[in-house]
Amino acid sequence: MKLHTRPTALAALLLTAALAMTGCGSDDGGDSGSGGDGGGDALSLTMLPKNLGNAYFDTSTDGAEKAADELGADIEEVGPETGSPDAQVSYINTVAQQGKDALILSANDPEALCDAIDEARSADVKVITFDADTNPDCRDLFINQATAEGIAAKQLELISEQIGGKGEIAILSASANATNQNAWIDMMEQELADNPDYADIELVDTVYGDDEDQKSFDQTEALLQNHPDLKGIISPTTVGIAAAARYLSDSQYKGKVALTGLGTPNQMREYVEDGTVTAFALWNPGDLGYLATYAAAALVNGDISGEEGDTFEAGDLGEFEVGADGVVLLGDPYTFDADNIGDFDF
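Note that the structure is predicted; figures quoted are calculated from it, not measured.

**Q** Lay out the overall build of the protein in plain terms, naming residues and giving numbers.
**A** On a plain count of helices and strands, the protein comes out with 10 helices and 14 strands. When burial is assessed residue by residue, the protein has 51% of its 346 residues classed as buried. Across the protein, the fraction of contacts at a sequence separation of at least 24, relative to all contacts at a separation of at least 6, is 71%. By element, 43% of the accessible surface of the protein is carried by carbon and sulfur atoms, the whole surface being about 14500 Å².

**Q** Give me helix H9 (residues 265-273): which residues, what numbers.
**A** Since the α-helix turns once every 3.6 residues, residues separated by three or four places project in the same direction. Three or more residues of H9 are buried, namely Pro265, Gln267, Met268, Arg269, Tyr271 and Val272. Buried residues along H9 sit against helix H8 (238-249), strand S10 (279-282) and strand S14 (334-337). In the segment just after H9, glycine 275 is the residue with positive phi, at about 90 degrees.

**Q** So what's going on with a negative patch on the surface? Residues and values would help.
**A** A cluster of acidic side chains, namely Glu111, Asp115, Asp118, Glu119, Asp137, Glu307, Glu308, Glu313, Glu319, Glu321 and Asp325, defines a negative patch on the protein surface. Elements that contribute at least two residues to the negative patch include exactly helix H4 (114-122) and strand S12 (319-321). Here the negative patch gets 3 residues from one element, more than from any other, and that element is H4. Mapped onto the elements, glutamate 111 comes out in the loop between strand S3 (102-105) and H4.

**Q** Describe the pattern of salt bridges, with residues and values.
**A** Scanning the model with the defined rule gives 9 salt bridges in all. Measuring nitrogen to oxygen at the nearest pair gives 2.9 Å for the salt bridge that ties lysine 66 to glutamate 70. A residue pair is termed a helical-turn pair when its members lie 3 or 4 positions apart in one helix, as lysine 66 and glutamate 70 do in helix H2 (residues 55-71) at 4 residues. Glutamate 70 sits in the partly exposed class, given a relative accessible area of 37%. Residues arginine 246 and aspartate 213 are paired through a salt bridge, measuring 2.8 Å at the closest nitrogen-oxygen approach. Here arginine 246 is found in helix H8, whereas its partner aspartate 213 is found in helix H7 (residues 213-226), with 33 residues between them in sequence. Looking at aspartate 213, the relative accessible area reads 35%, which means it is partly exposed. Taken together, the shared-partner salt bridges in this structure form one network comprising Lys66, Glu70 and Asp316.

**Q** Give me the lowdown on the packing of aromatic side chains, citing residues and values where you can.
**A** What the rule picks out here adds up to 12 aromatic pairs. Consider the rings of phenylalanine 280 and phenylalanine 336, whose centres lie 5.3 Å apart with planes at 20 degrees: the pair is stacked. Here the residue phenylalanine 280 occupies a position in strand S10, and phenylalanine 336 occupies one in strand S14, the gap between them amounting to 56 residues. Considered together, phenylalanine 280 and phenylalanine 336 belong to a single accessibility category, that of buried residues. Their ring planes at 80 degrees and their centres at 6.3 Å tell us that phenylalanine 344 and phenylalanine 346 sit as a pair that is edge-to-face. Put simply, the rings of Tyr56, Phe57, Phe130, Phe280, Tyr334, Phe336, Phe344 and Phe346 pair up and form one aromatic cluster.

**Q** Could you give an account of the sheet that holds S3, with specific residues and numbers?
**A** With respect to topology, 6 strands assemble into an open sheet ordered S2-S1-S3-S4-S5-S13, the strand pairing being parallel. The two strands at the open ends of the sheet, each matched to only one other strand, are strand S2 (74-77) and strand S13 (327-329). Across the sheet, the mean angle from the axis of one strand to that of its neighbour is 20 degrees, orientation sign disregarded. Of the pairings in the sheet, the one linking S3 to strand S4 (residues 126-130) comprises 4 bridges and is parallel in character. Opposite alanine 102, over in S4, you have lysine 126 as the bridge partner.

**Q** Tell me about the side chain of threonine 260, and name the residues and values.
**A** Note that threonine 260 resides in strand S9 (residues 258-261). Residue classification places threonine 260 among the buried positions, given a relative accessible area of 0%. Residues contacting threonine 260, with those up to four places away along its chain left out, are Gln155, Leu158, Ile159, Gln162, Ile233, Ile234, Ser235, Ile241, Ala279 and Phe280.

**Q** Outline the pairing of S4, listing residues and values.
**A** Two faces, one strand: in a regular strand the side chains alternate between the faces of the sheet. Counting buried residues along S4, 4 of its 5 residues qualify, which places the element largely inside the surrounding structure. Handedness of the β-α-β unit built from S3, H4 and S4 comes out right-handed.

**Q** Kindly report on the state of the cysteines, identifying the contributing residues and their values.
**A** A complete count under the given rule lists 1 disulfide for this structure. A disulfide bridge connects cysteine 114 with cysteine 138, and the sulfur atoms are separated by 1.8 Å. Sign of the S-S torsion, about 95 degrees for the bond between cysteine 114 and cysteine 138, identifies this disulfide as right-handed. Residue cysteine 114 is found in helix H4, and its partner cysteine 138 is found in the loop between S4 and strand S5 (141-144); the two are separated by 24 residues along the sequence. Both residues of the pair, cysteine 114 and cysteine 138, count as buried.

**Q** So what's going on with unusual backbone geometry? Residues and values would help.
**A** Even without a glycine there, the phi angle at aspartate 124 is positive, about 70 degrees. With respect to the helices and strands, the residue aspartate 124 is situated in the loop between H4 and S4. Residue aspartate 124 is classed as exposed on the basis of its relative accessible area, which comes to 64%. One non-glycine residue, aspartate 210, adopts positive backbone phi at about 55 degrees. Aspartate 210 sits in the partly exposed class, given a relative accessible area of 31%.

About the cut-offs
- Residues numbered from 1 in each chain as written.
- Predicted model: local features only at pLDDT ≥ 70, side-chain atom pairs only at ≥ 80, totals over all residues.
- Heavy atoms only, no water.
- Helix = DSSP H or I, 4+ residues; strand = E, 2+ residues; numbered from the N terminus.
- Buried < 20%, exposed > 50% of the residue type's maximum accessible area, 1.4 Å probe, protein only.
- Contact = heavy atoms within 4.5 Å.
- Areas by Shrake-Rupley, 256 points an atom, 1.4 Å probe, with all protein chains shown as cover.
- Patch = residues over 30% accessible without salt bridge, like charges linked within 9 Å, V, L, I, M, F, W, Y side chains within 5 Å.
- Salt bridge = Lys/Arg side-chain N within 4 Å of Asp/Glu carboxyl O.
- Lys, Arg positive; Asp, Glu negative; His and termini not counted.
- Charge placed at Lys NZ, Arg CZ, Asp CG, Glu CD.
- Phe/Tyr/Trp six-rings, centres within 6.5 Å; stacked < 30°, edge-to-face > 60°.
- Pairing = 2+ DSSP bridges.
- Axes fitted to C-alpha atoms, helices over the stretch in contact; angles between N-to-C directions.
- Right-handed = clockwise from strand over helix to strand, strands pointing away.
- Disulfide = S-S within 2.5 Å.

Next comes the structure, spelled out in C-alpha cells:
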C-alpha cells in the first residue's frame, strides 16, 4: 500500500524539535551526546523510522513522544530521507556508540540490518521493532499493528454494517499476485462462507487495480456497470479505496453503494466529510509508537524479558502480553469515521 507524505521540511522541523527535547532532558552540561550517558536516571530512547518526511511515521513518533513524556523518558527521532536498509545502518551504529537504553525501529529489511542490530544489542541496547519486523533473532520484541485475520474481519464487519447485513458486494484489490491482499481476500471469502452473520451477503466479483489510481478508478466504474444490484465495495488497498471513493463521489451511486477497506485519513477525509464513505479502517500509527515506547521501557526496566507470556502495562492502552517469537499485537485495525478523522494527519 502507498502512503501519502508531508513535506520534508516539516519532517526536519519535527526532528529538530525532538532533538531539542532530548537535549533539554538532562541538566548535566558535561554531556551533550546521548541521553544514556547523561547525569539523570531517565531512560534514553531512539526512534528510527524507515524514513523521515513520511506523515505515517510522523504520527507514530508523536505517539512515542507522548508515551516518553508519561514515562519521564528522553526520546529522539533520527532517520534517513530515503527508505533503504543501508541508510539505517549508520543510525543503528550511532545508537550503540551512544549507549542508548533502547532503539525503536521500523526495519527497511528483515535481514540486512541484523549485523548492526547485533552490535547494538551487545552494547546492552534493547531493540524493539514496530510496523516492519526483522528476523526475530535480531531483535527483542516486535510491535505488530494487526493480524491478517483481524484486518480481514474488520473489513467484513464494516461492509456488513453499511449495507444492512445483506446484498451483493465486490472487492477491488491491488495486483492479482499481491501476497497480503490475497491472504486477506481468502480469509474474507472463508468468513463469508462460514459465518452465519454473513449468510445474506454475496461476493459477486473480485477485480484488480494494480495499485494504480486510474486503473482502480476504471475498475470501480466497471464493477458498477457489470453488477447493477451491487450494494458495497471493499478495497483493501489505500490506492484502490481512494480511487473508488473519487469515482463514487461524483456519480449517481454516491450514498447508494457503500465503500470501505483500508485507507489513510488524509486520502479519505474529503470522502468521509461529503458522505461518500461512512467508515474505513487501517491501524493507528500513533498508538503503535506509543505501545512500542512502553514496551521498550518495560524491557529496559526489567519488567519483562521478552519471553512468551510476559505482560506489561502500556499507559492508556492497558495491559499487553508478549506472544510467540516476541510479538506484541496492538490489536484490531482502527476504524476511521466522521467522528474521529479530523484527529489524524497521515
